[in-house]
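What the coordinates show
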Amino acid sequence: MKKVVVLIVMGLFTIGSSFAGSDPALIEEISQKVKIDLSSITLNEYEEDFVQVKFKIYDGLIQIVNIESSQLELMELIISELNEIHVRTPYSESEIYNFNFTFEKK
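1. Describing helix α2 (residues 24–33)
For α2, the complete set of buried residues consists of Leu26, Ile27, Glu29 and Ile30. All buried residues of α2 project into a common sector of 165° when viewed along the axis, lining one side.

Dropping the structure here:
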C-alpha cells in the first residue's frame, strides 16, 4: 500500500480546467471525485501528459463528446472515473463543458 501512495505522490497530477461558462462548483465537484492511481502509468519526464475532455451532463451523468490524450492509458483511466460520477451540482444539459487534466512527474 505504501508503494501505491508513493507512486501517486511521485506522479502527482493537477487538474486544470477551463469550462465553457465556468462553474466553480462543478469544477470543484469533479476535482474531488476523480481519483487516479498512477502506479501503472509511466509519465513523460520532459513534458506534461494531459487528457482533454469535452462532455455534456444528462440526468447527472457525464456523457463524453470528445476526448484527447497524450497517453491511451491516461485516457482510459479518466473515462473510467468520469463514468462513475453522478453530478450533484446544478448544470445545463445543453452546455458542452471542457475539462483539462494535466499530469506531471515530480
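Still to come is the rest of the account.
2. What about the pairing of strand β3 (residues 61–69)?
In this sheet, β3 lies alongside strand β2 (residues 49–58) in antiparallel orientation, the contact comprising 8 bridges. When the sheet's bridge partners are listed, Tyr58 is paired in β3 with Leu61. Counting the residues between successive antiparallel strands, the hairpin from β2 to β3 contains 2 residues, one of them, Asp59, with a positive phi of roughly 50°.

3. Points about the pairing of strand β4 (residues 97–103)
The side chains of a regular strand alternate, first on one face of the sheet and then on the other. Among the 7 residues that make up β4, 5 are buried, leaving the element largely enclosed by the rest of the structure. Strand direction decides the pairing type here: β2 and β4, joined by 7 bridges, are antiparallel. Paired with Phe55 across the two strands is Tyr97, which belongs to β4.

4. A short note on helix α3 (residues 72–84)
The terminal C-alpha atoms of α3 lie 19 Å apart, and with 13 residues this matches the ideal 18 Å at 1.5 Å per residue to within 8%. Residues of α3 that are buried include every one of Leu74, Met75, Ile78 and Leu82, and no others. The buried residues of α3 occupy an angular sector of 100° when the element is viewed end-on, so they sit on one face. On the buried face of α3, the contacting elements are α2, β2, β3 and β4.

5. A look at the nonpolar core
Formed by 24 residues in total, the largest nonpolar core has its most connected members in Ile30, Ile78, Leu82, Phe101 and Phe103. Looking at this core, the elements with two or more residues in it are α2, β2, β3, α3 and β4.

6. Concerning the confidence of the model for the chain
In the predicted model, the chain carries a mean pLDDT of 80, and 78% of its residues have values of at least 70. Here helix α1 (residues 2–10) is the element of the chain with the lowest mean pLDDT, 41, and β3 is the one with the highest, 96. Here residues 1–21 is modelled with pLDDT under 50, and outside its nearest four sequence neighbours on either side it reaches 49 contacts, counting other chains as well.

Conventions used here
- Residues numbered from 1 in each chain as written.
- Predicted model: local features only at pLDDT ≥ 70, side-chain atom pairs only at ≥ 80, totals over all residues.
- Heavy atoms only, no water.
- Buried < 20%, exposed > 50% of the residue type's maximum accessible area, 1.4 Å probe, protein only.
- Helix = DSSP H or I, 4+ residues; strand = E, 2+ residues; numbered from the N terminus.
- Arc of directions from axis to C-beta.
- Pairing = 2+ DSSP bridges.
- Expected span 1.5 Å × (residues − 1).
- Contact = heavy atoms within 4.5 Å.
- Core = buried A, V, L, I, M, F, W, Y, C linked by side-chain atoms within 4.5 Å.
- pLDDT = per-residue confidence, 0-100.

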